[in-house]
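Examining the three-dimensional arrangement
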Amino acid sequence: MASVASTYARAFADVVLSARLDADRSIAELRAIASLFNESGDLRRVWENPAVPAEQKQRLLDVIAERDGISRQVRNLVAVLMDHRRIHFLEPIVAQLERELDARLGFAEAHITSARPLGDAEKREFEAQVGKLTGKKVRARYGQDAALLGGAVVRLGSTIYDGSVKGQLERLKEAISS
């Protein structure tokens, strides 16, 4: 599955960049179609059914694309996925596409978990610090975990920076016990 998602994501990232499409808009459009696909059993049955003629599937896709203002390129990707019986891979393709575009456009994705909700100024400060650390523009996603007691944990890919009170207490405990 990973290779299928990766192949389509890389190919569509090429389209997004060569056609100078708005990457965020393209991803949002794909997410909207994936959400509709996941939420509608009827749509899933039609798009996944090999007995339904391709023209019928495409007409339905065209109605959705026109109604939701979906770009031609995104519509075409979904049509290709249907034609090649890969539409059930849409969600992993979107996730891989986001990672592919972030890498190509020089973005680092950070997951920041704090003990309490962060204000806008605090979020900007975290993003600036992570940007200095990585040398890239930052796309941050925020979460909250009261178990941290205070501070925050920043995850960049597989690297974790633990500045939480809980983490500091655990490191202190290890230092004392060794």
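Residues numbered from 1 in each chain as written. Predicted model: local features only at pLDDT ≥ 70, side-chain atom pairs only at ≥ 80, totals over all residues. Heavy atoms only, no water.

Some words on a nonpolar patch on the surface
The test is simple: Patches here: salt-bridge-free residues with over 30% relative accessible area, like charges joined within 9 Å, nonpolar side chains (Val, Leu, Ile, Met, Phe, Trp, Tyr) joined within 5 Å. Computed with the Shrake-Rupley method and a 1.4 Å probe, the accessible areas treat only the protein chains shown as cover for residues. A side-chain nitrogen of Lys or Arg and a carboxyl oxygen of Asp or Glu constitute a salt bridge if their distance falls within 4 Å. Only protein chains enter the calculation, and the probe is 1.4 Å; a residue is then buried if its accessible area is under 20% of its type maximum, exposed if over 50%, and partly exposed in between.
A cluster of nonpolar side chains, namely Leu149, Val165, Leu169, Leu172 and Ile176, defines an oily patch on the protein surface of about 500 Å² accessible area. For leucine 149, a relative accessible area of 58% translates into the label exposed.

Some points on the packing of helix α2 (residues 23-39) against helix α3 (residues 41-48)
For clarity, the threshold we go by: Lines fitted to the C-alpha atoms define the axes, with helices restricted to the stretch that makes contact. Angles between their N-to-C directions range from 0 to 180 degrees. Numbering goes from the N terminus for both helices and strands, where a helix is a DSSP run of H or I of at least four residues and a strand is a run of E of at least two. Our angle categories are set so that under 35 degrees counts as roughly parallel, over 145 as roughly antiparallel, 65 to 115 as roughly perpendicular, and the remainder as oblique. In this description, contact between two residues means that some pair of their heavy atoms is separated by no more than 4.5 Å. When residues are grouped by polarity, Ala, Val, Leu, Ile, Met, Phe, Trp, Tyr, Cys and Pro land in nonpolar, Asp, Glu, Lys and Arg in charged, and all others, Gly among them, in polar.
As a packed pair, α2 and α3 sit with axes 5 Å apart at the nearest point and diverge in direction by 100°. As far as their axial angle goes, α3 and α2 are roughly perpendicular. Contacts between α2 and α3 involve Ile33, Leu36, Phe37, Asn38 and Glu39 from the former and Gly41, Leu43, Arg44, Trp47 and Glu48 from the latter. Residue classes in the contact of α2 with α3 are distributed as five nonpolar, two polar and three charged.

Some points on helix α7 (residues 120-134)
Since one α-helical turn is 3.6 residues long, residues separated by three or four positions face the same way. To keep it simple, the criterion reads: Helix span, as expected, comes to 1.5 Å for every residue beyond the first.
In a regular helix each residue adds 1.5 Å, so 15 residues correspond to 21 Å; α7 covers 21 Å between its end C-alpha atoms and thus fits that length. Looking one or two residues beyond α7, the residue adopting positive phi is glycine 135, at roughly 75°.

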